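What the coordinates show
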Amino acid sequence: MEHTMGKRIVYHRKRLGLTQDQFAEKLGVTAQAVSKWENDQSCPDIYMIPKIAELFGITSDELLGMSGAEAVETPQKEEKSGWEFHWDSGRRGAVTTAFFVLVVGALLFAARLLEWDVGFWGIAWPSALLVYSLASLFHRFNFTGVVCAALGGYFLVNNLGVFEFYPDKKLLFPALVILVGISLLTDALRKPKKGRFSIHKKGNVSHKQRKHFTQEGEEFNCSIAFGEVEHHITLPRLSCGKANVSFGEMKLDLRGCGEIAENCEIDIGASFGSLHLNVPAQYRVECAAGTSFGEISTHGRPDEHCKGTITLTGGVSFGELEIYYL
């Protein structure tokens, strides 16, 4: 790799197929400033380093030429025995959705056995309000979550016929609106606190994280289960790939690829997990992946004159796929 920052900026800019004007526009600087960087007449301001590294799909250390520095392992203090609870926010949504499906399924099963006069939606929507409100309390206690959970539980037991209590319908809706409004105002005025929960024992996570990553030739293969991971694909030419996430979160960045093949195809899978895909704006993503209680969203848009198309196959089940054009 080139020995000066200017040469590294030139290399990665040309690798992405950007002119100095296009590169400057993405960073919000002038083309003259970029020219001075590349000729080693000046260096980018310190706050620009992370922006440039993100645009290139590399780390700030790699941009600064420090990627070969030896990592020094700091000895850690001996962990005390006992259990420590920690809820990882990256998996909260997936686990909550799984728990919601189990609750609805169990109540539907019980309704059929006990012959309760209640339909699917009579169970589903109050269960969703109850479960997702309770899940929000694990991240940070909030009065809105408490109120919504109480409302979900109230409508659920009424729909199931456990007991029936119906106040004046003319007053019920405005009373609910006022109650939610008070809780929102209370949460907005109170000092926020961070709180996360997960389960550790003697400093070790109680579940086993499984992950895999390889990239060679013109393809890559990566997967993660019960954890979070970020991968930068740096192949000279990308023809195909595979990415799977289960009960976790994966960030996949394709901007480090020198070239993307004409018929590039990536097989993706997100089951009770989240996959974030960063794509160079000069390529268009065609999503042929199926969804089953999943969500696919796109942020940004490709350039008007695209160099090629990346086809996504596979599926999203009780998870989410987010595509970012950068």
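It should be emphasised that the depicted structure is a prediction, and the values quoted were computed from it without experimental measurement.

Side note on the overall build of the protein
Each helix and strand in the protein was counted, giving nine helices and 15 strands. The proportion of buried residues among the 326 residues of the protein is 38%. By sequence separation, contacts in the protein at least 24 residues apart represent 61% of the contacts at least 6 residues apart. Split by element, the accessible area of the protein, about 19,700 Å² in all, is 57% carbon and sulfur.

What to know about the sheet that holds strand β13 (residues 295-299)
Spatial strand order, β6-β8-β10-β15-β13: five strands in an open sheet with parallel pairing. The open sheet has two edge strands with one neighbour each: β6 (228-232) and β13. Neighbour-to-neighbour, the strand axes of the sheet open up by a mean angle of 10 degrees, direction not taken into account. Taken together, the five bridges between strand β8 (residues 249-253) and strand β10 (residues 274-279) define a ladder with parallel strand orientation. Within the sheet, the bridge partner assigned to L252 lies in β10 and is L277.

A closer look at helix α2 (residues 20-27)
Those residues of α2 that sit buried are F23, A24 and L27. For α2, the angular spread of buried residues about the axis comes to 100 degrees, placing them on one side. Structural note: α2 exposes D21 and E25 on the side pointing more than 90 degrees away from its buried face. Summarising the contacts, the buried residues of α2 are in contact with α1 (5-15), α3 (31-38) and α4 (48-56). Within two residues after α2, G28 carries a phi angle of roughly 75 degrees, on the positive side.

Quick word on the pattern of salt bridges
Throughout the structure, instances matching the rule amount to six salt bridges. In this structure, E218 and R237 form a salt bridge, with 3.4 Å as the shortest nitrogen-oxygen distance. Of the two residues, E218 is situated in the loop between β4 (210-216) and β5 (219-225) and R237 in the loop between β6 and β7 (238-246); the sequence distance between them amounts to 19 residues. Taking relative accessible area as the criterion, E218 reaches 35% and is therefore assigned partly exposed. The salt bridge involving R255 is made with D253; its shortest N-O contact spans 2.6 Å. Across the pair, D253 and R255 agree in class, each one buried.

Examining the confidence of the model for the protein
Residues at a pLDDT of 70 or more form 76% of the protein, whose mean pLDDT is 77. No element of the protein has a lower mean pLDDT than strand β2 (residues 198-201), which averages 43, and none a higher one than β8, which averages 91. Low pLDDT (under 50) marks residues 68-90, which in the prediction has 37 contacts with non-local residues, meaning those over four places away or in another chain. Across residues 191-207, where pLDDT falls below 50, the model places 44 contacts with residues more than four positions away in sequence or in other chains.

Considering a nonpolar patch on the surface
Together, F109, L113 and L114 give the surface a local cluster of nonpolar side chains, amounting to about 360 Å² of exposed area. By the element assignment, L113 lies in helix α6 (residues 89-114).

Examining the packing of α2 against α4
Look at α2 against α4: their axes get within 11 Å of each other, and the N-to-C directions meet at 120 degrees. Relative to α4, the element α2 lies oblique. The way α2 lies across α4 gives a crossing that is right-handed. Across from F23, K26 and L27 in α2, the residues of α4 making contact are M48, K51, I52, L55 and F56. Residue composition of the contact of α2 with α4, by class: six nonpolar, no polar and two charged.

Structural notes on the side chain of D253
Looking at the element boundaries, D253 is found in strand β8. The exposure class assigned to D253 is buried, which follows from its relative accessible area of 3%.

Quick look at the environment of G300
With respect to the secondary-structure elements, G300 resides in the loop between β13 and β14 (308-317). Between the C-alpha atom of G300 and that of A281, which follows or precedes it by 19 residues, the distance is 8.5 Å.

Looking at the nonpolar core
Counting 30 residues, the largest nonpolar core has F220, L252, L254, I310 and L312 as its most contacted members. Of all the secondary-structure elements, those providing two or more residues to this core are β5, β7, β8, β9 (260-271), β10, β11 (283-287), β14 and β15 (320-325). In terms of residue count, the dominant contributor to this core is β9 (five residues). Here L312 is in contact with I266, I268, L277, V285, E286, C287, A288, A289, L321 and I323, once residues within four sequence places are set aside.

Examining the packing of aromatic side chains
The final tally for this structure, using the stated rule, is five aromatic pairs. Relative to F56, the ring of F23 lies with its centre 5.4 Å away and its plane at 10 degrees, an arrangement referred to as stacked. With a gap of 33 residues between them, F23 in helix α2 and F56 in helix α4 connect regions that are remote in the sequence. The pair F23 / F56 is uniform in exposure class, with both members buried. Relative to F155, the ring of Y154 lies with its centre 4.9 Å away and its plane at 65 degrees, an arrangement referred to as edge-to-face. Among the aromatic residues, those joined into a cluster by ring pairs are W125, Y154 and F155.

The rules behind each value
Residues numbered from 1 in each chain as written. Predicted model: local features only at pLDDT ≥ 70, side-chain atom pairs only at ≥ 80, totals over all residues. Heavy atoms only, no water. Helix = DSSP H or I, 4+ residues; strand = E, 2+ residues; numbered from the N terminus. Buried < 20%, exposed > 50% of the residue type's maximum accessible area, 1.4 Å probe, protein only. Contact = heavy atoms within 4.5 Å. Areas by Shrake-Rupley, 256 points an atom, 1.4 Å probe, with all protein chains shown as cover. Pairing = 2+ DSSP bridges. Axes fitted to C-alpha atoms, helices over the stretch in contact; angles between N-to-C directions. Arc of directions from axis to C-beta. Salt bridge = Lys/Arg side-chain N within 4 Å of Asp/Glu carboxyl O. pLDDT = per-residue confidence, 0-100. Patch = residues over 30% accessible without salt bridge, like charges linked within 9 Å, V, L, I, M, F, W, Y side chains within 5 Å. Parallel < 35°, antiparallel > 145°, perpendicular 65-115°, else oblique. Left-handed = near helix turned anticlockwise from the far one by under 90°. Nonpolar A, V, L, I, M, F, W, Y, C, P; charged D, E, K, R; others polar. Core = buried A, V, L, I, M, F, W, Y, C linked by side-chain atoms within 4.5 Å. Phe/Tyr/Trp six-rings, centres within 6.5 Å; stacked < 30°, edge-to-face > 60°.

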